[in-house]
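Architecture at a glance
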Amino acid sequence: MTPRGVVFLDIDGTLVPSGSSSSFLAARLGHQRELDLAEARYASGALSNQQVSEVDARGWRGTTPATVDRWLEDLPVIAGVDAVVAWCREHDVEPVLASLAWQPVSAALAGRFGVTANGGPRVGLTDGVYDGTVAEHFDEHDKRDRALALAAARGLTADRCCAVGDSRSDLPLFDAVPVSLALNAGDAARAGATDALDTDDLTAVLPWLERWERGFDAAGR
């Protein structure tokens, strides 16, 4: 069935509250310090997402997908994700991941919580082992475009969507949907979102989602 609406959820800094999923994996891969410096430079605008991805991908060289998937079983996430996903299902809203996190991260969270994975960069594989290259780049504009393409595939326009995120990588998507929530966010995301909230439990977004959903009824949808 076609959902009534879609809520796009960022991963790093939003569902993964401390650091990023890439930093979490880099700690196990052995290049966390280098990656954290690169991500800080991205946050300040000194590096592009493509440059950060290349720094990170080099550290994956020689690791198997099974190893990464096993590590991701322990990826820490914000409290309340299951409850928010349950609310979405009860209200015929599809929860979709919209993130610059690597595709295995999105796949792991999609499997854990029953949400939809949608896009993300991809590390190259050679003979079943990560080879340290970026096989597919994915930036903040791809994030927006992939999100809107998914909505269109569901027969929905952007006015039936909302977005939750925390950083400048969310801004193109924030600009494309009618309402957006900067969650535990930096200044750029707060300035670009229609609303902002600080919390350590994702269920705190439910009143905001309920107001967004009531907008459908007010518009006769």
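These lines cover the structure that appears in this document, whether it is placed above or below.

Reading the values: the criteria
- Residues numbered from 1 in each chain as written.
- Predicted model: local features only at pLDDT ≥ 70, side-chain atom pairs only at ≥ 80, totals over all residues.
- Heavy atoms only, no water.
- Pairing = 2+ DSSP bridges.
- Helix = DSSP H or I, 4+ residues; strand = E, 2+ residues; numbered from the N terminus.
- Axes fitted to C-alpha atoms, helices over the stretch in contact; angles between N-to-C directions.
- Salt bridge = Lys/Arg side-chain N within 4 Å of Asp/Glu carboxyl O.
- Buried < 20%, exposed > 50% of the residue type's maximum accessible area, 1.4 Å probe, protein only.
- Parallel < 35°, antiparallel > 145°, perpendicular 65-115°, else oblique.
- Contact = heavy atoms within 4.5 Å.

**Focus on the sheet that holds strand S5 (residues 161-165)**
Sheet architecture is open: 5 strands sit in the order S2-S1-S5-S6-S7, paired in parallel fashion. Two strands lie at the open edges of the sheet, namely strand S2 (93-97) and strand S7 (195-197), each paired on one side alone. Mean inter-strand twist for the sheet, computed between neighbouring axes without regard to direction, equals 20°.

**Here we look at the pattern of salt bridges**
Following the criterion strictly, the structure yields 9 salt bridges and no others. For Glu213, the salt bridge identified is with Arg4, shortest N-O distance 3.1 Å. Separated by 209 residues along the polypeptide, Glu213 in helix H10 (residues 206-218) and Arg4 in the segment before strand S1 (5-9) bring together distant segments of the chain. Exposure class is identical for Glu213 and Arg4. Each is buried.

**Here we look at the packing of helix H2 (residues 32-43) against helix H3 (residues 49-58)**
Here H2 crosses H3 at 175°, and the two axes come no closer than 9 Å. The pairing of H2 with H3 is recorded here as roughly antiparallel in orientation. For the pair formed by H2 and H3, the contact residues are Glu34, Leu35, Ala38, Glu39 and Tyr42 on the first element and Asn49, Val52, Val55, Asp56 and Arg58 on the second.

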